[in-house]
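Here is what each chain is made of, one letter per residue.
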Amino acid sequence: MKNYRSTEEKYEYSPIMEEVYSEMLKRKKNNRTREGIETGNEPDGKTPFFDIFINHREKPYPIKLAMAIVESWMVTEPTMHDKEVLVGFPRPLRPIHEHFHIGICRERHVLDYPAYIDRKEELGALMTKMRPEFHPDEGQAAAALEESMFCTEEYPEANRLLWGALWSTGGYQGHTVPNYDILLTRGVGDVLRETRERLAKETVEKKRLMYQACEIILQGFGDWINLQATAADKKAETESDPVLKARYLRAAQNCRDIAFDAPKTYYQAAQLTFFYNLWDANDCTGRTDQYLYPFFKEALKEDRAFAEEVTASLMMKFYEHGVHNITVGGIIPETGEDGANDLTFLMLQILRRNHATHPRMSIRVNEKSDPRMLALAVQMWSEGMSDPTVASDTTIIPAFINNYGVEPKDAMNYTLLGCQELEIPGKSNFGCEDGVFNLAKVLEYTLNNGKDRFDNKVTLGLDTGNITDYETFDELWAAFEKQIAFLTKRFCELCDIGQQIRATNYAKLVKTPFTEACLERGLNLDDGGALYGYGCVETAGSSVTADSLTAIKKLVYDEKLITRETLEAAIAANFEGYEKERQLLLNRAPKFGNDNEEADEMAHRVLKLFWTEIKKYKSIRGGEYSGACSLLSGGIHYGDHTWASADGRRSGEPLGNSIGPRPGADTNGLTAMLNSVSKLPLDLGVGGTTCNIVIPTSTTNTPEMRKNIEDAIYTFLKNGGQLGQITTANLDDLIDAKDHPELHTDLIIRIGGFSIKFIELARDEQDEIISRYSA
């Protein structure tokens, strides 16, 4: 491809990489699997975690964990597939493994695989017996939970009603981006030397254990890289084609060169990036086009074709193993200029060529951006893709600096991760995510004496009254504020318990030595080791809450078209027998998402209230909690557990899974919807507040239409919008795909943070996507 920045020309693989790609597609597992960690070979019957923990019971937990992680990789057969340039493959799924979101995971279903079936009873019993050894957090967690509960006598019932309805707390707390710059500029060996030097000087036992665990990880990682060279050696031994033989021998030497030394070439840098990403459970890789570009730039001069093959191979690996997010473009901290470069565009072109759901990619847009980057994104959308996501440097960088005290050079280096959250790569642990909080449920409590309408027995919030008790809208709002304050405090307490669990579990041990400040502080990444430790609270139901409050204010208090008593009866009855009132609530009261000042001001007011309240609390990682909204299919789940609302929504209907309007509520077109979202206090939502944007391919057929979309998105990002994720499928195609999935195998949509083929969704998820298409 002559011009990576072209929208007209499309990238094509070389013949050998086309073969590699075809073979990869045969191995590739489905989307849901690639969102997890099961992309390796079938279970192999090995039990490295059992073996280490049984044979070294006298050793402290972090030492055993580190040893088990290393052993689990060392007993995995080194893998290199035919004709590839990059070596490496994930571990097989085993009954016990570690993962960055919790620590040690127990997978009982793996015992049903043929490799383990003969030992199922034995290993199942061991799994139960050894649970306290695998989870040193459990006693601490139980005690902390008991202290934090505010419904002690009714706790079992209260917990059932709270969890997954009002909130979920400490449920993931996983994604972070390690410092790939340190990995590539210093190499494994130099970080290992630093770790050993700090260990030799340290006297505090807790910190000594952390250093010892990191030393084991780093030494083991380097040894494992050397082991991977043998996979390429074996390919070379059996290869008769001299060109391929040389290719494999080069790959083997490439591995040996980077086992402990910093990479010197693009080939070495890409291989080391992929190796570490494997150990990091294929988590997000951050600003990949920035830290790899110095190597890539030199490689282009020496051998352009091979540099492209290396890039294609890396992107294929990220596709096959479901890398969650790659961020490209954006301001360079050292210069203040935009960083989009040839590697930026080549990676986007390869994603475009693959027409794939992985790796998820995001572009950072600012006033200095090369306009061809956004134009290429629009072109990709016009071809039916949902990537890349767009992010606003204009909104995000000042928000980090002004509201959360992030150093300007670090704020300019932000990245997307997970399902469109934000963080400072290699320097932070933002809790991604600490929990989910359903604002619509809080309003339900406010209108119902602090009770859940599905139960109407247990008081979960404050008994501030019923809708019939509030003489004015100001009284209602004051009660809502009290409920928010009361419940937010308890929510943050529970999130901290989740973080304490992960700190005790050393959940992010593999990430720790390559996250800045962890080695300096002698603390693991979940124990306050990172430089920045802000919190991230996914916010559900904001548009439903705002629209409900707008409807109540307008129709009950201002225009008096519905009495308080009638509204109470209608909501309690889930609008059965109250269709007239429901239609008034639906159609007379303005809705957020239509560029209506009354509705938009209420949405701003609701989010500012909650996000200001959570900012009063600090995560035990050290930083304040911030707002976020990227709910995957959570809008469906929380809608299932939220009773009928005063915006006319019936009980069980979805709440929406992004910061935008409730699905179907925006009826004035794309520009009006984007204008509404840009008015929200997104400077308080640096956890990541993505907006679902529907741009059917039928609206992108001509260059003029694509330019109009490009201008609309750019204006949104310039004027206060933060993140936008795109669904481009045509409505008729979505409807037809429900009944004829075999005709729509390549129909890609966006669901609250990730891309997926529409036919892989559950029926209710398909319905939620369709509901986004406003009449």
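Residues numbered from 1 in each chain as written. Predicted model: local features only at pLDDT ≥ 70, side-chain atom pairs only at ≥ 80, totals over all residues. Heavy atoms only, no water.

Observations regarding the overall build of the chain
Operational definition: Secondary structure elements are defined from DSSP: runs of H or I of at least 4 residues count as helices, runs of E of at least 2 residues count as strands, and each element is numbered from the N terminus. Burial classes: relative accessible area under 20% of the type maximum marks a residue as buried, over 50% as exposed, and values in between as partly exposed (1.4 Å probe, protein chains only). Contacts between residues were defined by any pair of non-hydrogen atoms, one from each residue, lying within 4.5 Å.
Along its length, the chain carries 31 helices and 15 strands. The principal-axis extents of the C-alpha atoms in the chain amount to approximately 85 × 65 × 50 Å. Evaluated residue by residue, the chain yields a buried proportion of 64% over its 775 residues. Within the chain, contacts between residues at least 6 apart in sequence are counted, and of these 75% link residues at least 24 apart.

Observations regarding empty space enclosed by the protein
Just so we agree on the cut-off: A 1.4 Å probe that fits but cannot get out identifies a cavity on a 1 Å grid over protein atoms alone, an open set with protein on both sides within 12 Å along at least five of seven lines counts as a pocket, and a residue lines either if it has an atom within 4 Å of a point. Grid points are joined across faces, edges and corners, and a volume is the space filled by probe spheres set on the points. Asp, Glu, Lys and Arg are counted as charged, while Ala, Val, Leu, Ile, Met, Phe, Trp, Tyr, Cys and Pro are counted as nonpolar; the rest, among them Gly, fall into the polar class.
Inspection of the entire model under this criterion finds four cavities of 30 Å³ or more. Here the largest cavity defines a volume of roughly 290 Å³. Lining the largest cavity are 29 residues, with Ile 37, Trp 73, Arg 91, Glu 98 and Ala 281 positioned closest to its centre. Contributions of two or more residues to the lining of the largest cavity are made by α4 (61-74), β1 (96-99) and α12 (266-279). Residue lining of the second largest cavity: 14 residues in total, with Ala 440, Glu 444, Leu 447, Ala 644 and Ser 645 positioned closest to the centre. Elements represented by at least two residues in the lining of the second largest cavity include exactly α20 (439-446) and α23 (542-558). Each residue belonging to the lining of the second largest cavity can be placed in one class, and the counts come to eight nonpolar, four polar and two charged.

What to know about the pairing of strand β9 (residues 435-438)
Worth spelling out the cut-off: When DSSP finds two or more bridges between two strands, those strands count as paired.
Alternating positions in β9 separate into two faces, Gly 435 and Phe 437 on one and Val 436 and Asn 438 on the other, with burial throughout. Direction of pairing for strand β3 (residues 167-169) relative to β9: antiparallel, over a ladder of three bridges. Bridge pairing in β9 links Trp 167 to Phe 437. Pairing of β9 with strand β10 (residues 535-540), which is carried by four bridges, proceeds in the parallel orientation. The partner of Asn 438 across the bridge, within β10, is Ala 540.

Quick word on the packing of aromatic side chains
Counted only if it meets this: Any Phe, Tyr or Trp ring, taking Trp's six-membered ring, that has another such ring centre within 6.5 Å forms a pair; planes under 30 degrees apart are called stacked, those over 60 apart edge-to-face, and the others tilted. Each ring is checked for a lysine NZ or an arginine CZ that lies within 6 Å of its centre and within 35 degrees of its normal; such an atom marks a charge sitting over the ring.
For the structure shown, the criterion picks out 30 aromatic pairs. Their ring planes at 5° and their centres at 5.2 Å tell us that Tyr 180 and Tyr 291 sit as a pair that is stacked. Of this pair, Tyr 180 sits in helix α9 (residues 180-201) while Tyr 291 sits in helix α13 (residues 288-291); the two residues are 111 residues apart in sequence, bridging distant segments of the chain. Residues Phe 454 and Trp 643 carry aromatic rings whose centres are separated by 5.1 Å and whose planes lie at 85° to one another, so their mutual orientation is edge-to-face. Separated by 189 residues along the polypeptide, Phe 454 in the loop between α20 and α21 (473-505) and Trp 643 in the loop between α27 (634-640) and α28 (670-678) bring together distant segments of the chain. Exposure remark for Trp 643: the relative accessible area of 17% places this residue in the buried category. We note Lys 615 situated over the ring of Tyr 404; from NZ or CZ to the ring centre the distance is 5.0 Å.

Structural notes on the confidence of the model for the chain
Convention followed: As a per-residue measure, pLDDT reflects the predictor's confidence and takes values from 0 up to 100.
Taken as a whole, the chain shows an average pLDDT of 93; of its residues, 95% reach a score of 70 or greater. For the stretch residues 148-155, pLDDT sits under 50, and the model shows 13 contacts to residues farther than four places along the chain or on other chains.

Remarks on the layout of surface pockets
Its volume calculated, the largest pocket comes out at about 750 Å³. Forming the boundary of the largest pocket are 36 residues, of which Tyr 172, His 175, Cys 419, Glu 433 and Leu 632 lie nearest the centre. When residues of the lining of the largest pocket are traced back to their parent elements, those giving at least two are β1, β3, β9 and α27. Considering only residue class, the lining of the largest pocket consists of 13 nonpolar, 16 polar and seven charged. For the second largest pocket, the calculated volume is near 530 Å³. Lining the second largest pocket are 22 residues, with Asp 181, Gln 290, Pro 333, Glu 334 and Asn 413 positioned closest to its centre. Elements with a contribution of two residues or more to the lining of the second largest pocket: α9, α13, α14 (293-302) and α19 (408-411).

Some remarks on α21
Applied cut-off: Take the number of residues in a helix, subtract one, and multiply by 1.5 Å to get its expected span.
Here α21 is 33 residues long and its end C-alpha atoms lie 48 Å apart, about the 48 Å a rise of 1.5 Å per residue gives. Two residues or fewer after α21 comes Tyr 506, characterised by a positive phi angle close to 50°.

Considerations on the sheet that holds strand β4 (residues 326-329)
The condition that has to hold: All axes are obtained by fitting lines to C-alpha atoms, using only the stretch in contact for helices, and the reported angles, taken between N-to-C directions, cover 0 to 180 degrees.
Strand order in the open sheet made by the nine strands is β3-β9-β10-β11-β12-β13-β6-β5-β4, with mixed pairing throughout. The two strands at the open ends of the sheet, each matched to only one other strand, are β3 and β4. Averaged over all adjacent pairs, the angle separating strand axes in this sheet is 25°, with direction ignored. Of the strand pairs in this sheet, β10 and strand β11 (residues 625-629) are connected by four bridges, and their pairing is parallel. By the bridge assignment for β11, Val 537 is matched with Gly 627.

Topic: the packing of α21 against helix α26 (residues 597-614)
Defined as follows: The crossing is said to be left-handed when, going from far helix to near helix, the turn is anticlockwise and less than a right angle, and right-handed when the turn is clockwise.
At their nearest, the axes of α21 and α26 sit 9 Å apart, and the two run at 30° to each other. Considering how the two elements wind past one another, α21 and α26 form a crossing that is right-handed. Between α21 and α26, the contacting residues are Phe 473, Trp 477, Phe 480, Glu 481, Ile 484, Ala 485 and Thr 488 on the first element and Met 602, Arg 605, Val 606, Leu 609, Phe 610, Glu 613 and Ile 614 on the second.

With respect to the pattern of salt bridges
Where charged atoms from two side chains of opposite charge approach closely, those side chains can pair. Filter applied, for reference: For salt bridges, the criterion is a side-chain nitrogen of Lys or Arg within 4 Å of an Asp or Glu carboxyl oxygen.
The final tally for this structure, using the stated rule, is 58 salt bridges. Ionic pairing is found between Arg 304 and Glu 308, a salt bridge with its closest N-O pair at 3.6 Å. On the criterion of helical spacing, the pair formed by Arg 304 and Glu 308 is a turn pair, its members being four residues apart in helix α15 (residues 304-320). Note that Glu 579 is salt-bridged to Arg 582, the shortest N-O span being 3.1 Å. Separated by three residues within a single helix, Glu 579 and Arg 582 lie in helix α25 (residues 579-587), roughly one turn from each other.

Thoughts on the pairing of strand β6 (residues 389-392)
Rules: Call a crossover right-handed when, viewed with both strands pointing away from you, the route from the first strand across the helix to the second goes clockwise.
The alternating pattern of β6 places Thr 389 and Ala 391 and Val 390 and Ser 392 on opposite faces, both of which are buried. Where strand β5 (residues 361-365) meets β6, four bridges bridge the pair, whose relative direction is parallel. Within the sheet, the bridge partner assigned to Val 365 lies in β6 and is Ser 392. A crossover links β5 with its parallel partner β6, the connecting element being helix α17 (residues 371-382), and its sense is right-handed. Here two bridges tie β6 to strand β13 (residues 723-727), and the two strands are oriented antiparallel to one another. By the bridge assignment for β13, Ala 391 is matched with Leu 723.

Digging into the environment of Gly 688
Mapped onto the secondary structure, Gly 688 falls in strand β12 (residues 688-694). Considered as a pair, Gly 688 and Gln 722 are 34 residues apart in the sequence and their alpha carbons are 7.8 Å apart.

Brief notes about the packing of α17 against helix α29 (residues 703-718)
Going by this rule: Roughly parallel covers angles under 35 degrees, roughly antiparallel covers those over 145, roughly perpendicular covers 65 to 115, and oblique covers all other angles.
At a minimum axis separation of 10 Å, α17 and α29 run at an interaxial angle of 120°. Classed by the angle they form, the pair α17 and α29 counts as oblique. The crossing of α17 and α29 is right-handed. Facing α17, whose interface residues are Pro 371, Leu 374, Ala 375, Val 378, Gln 379, Trp 381 and Ser 382, α29 presents Arg 706, Ile 709, Glu 710, Ile 713 and Tyr 714. Of the residues in the contact of α17 with α29, the class split is eight nonpolar, two polar and two charged.

Section: α14
To be explicit about the condition: For this quantity, the arc is that covered by the directions from the helix axis to the C-beta atoms.
Of all the residues in α14, the buried ones are Phe 295, Phe 296, Ala 299 and Leu 300. The buried residues of α14 occupy one face: seen down the axis, they fall within an arc of 135°. Along its buried surface, α14 packs onto α9, α12, α13, α15 and α16 (342-354).

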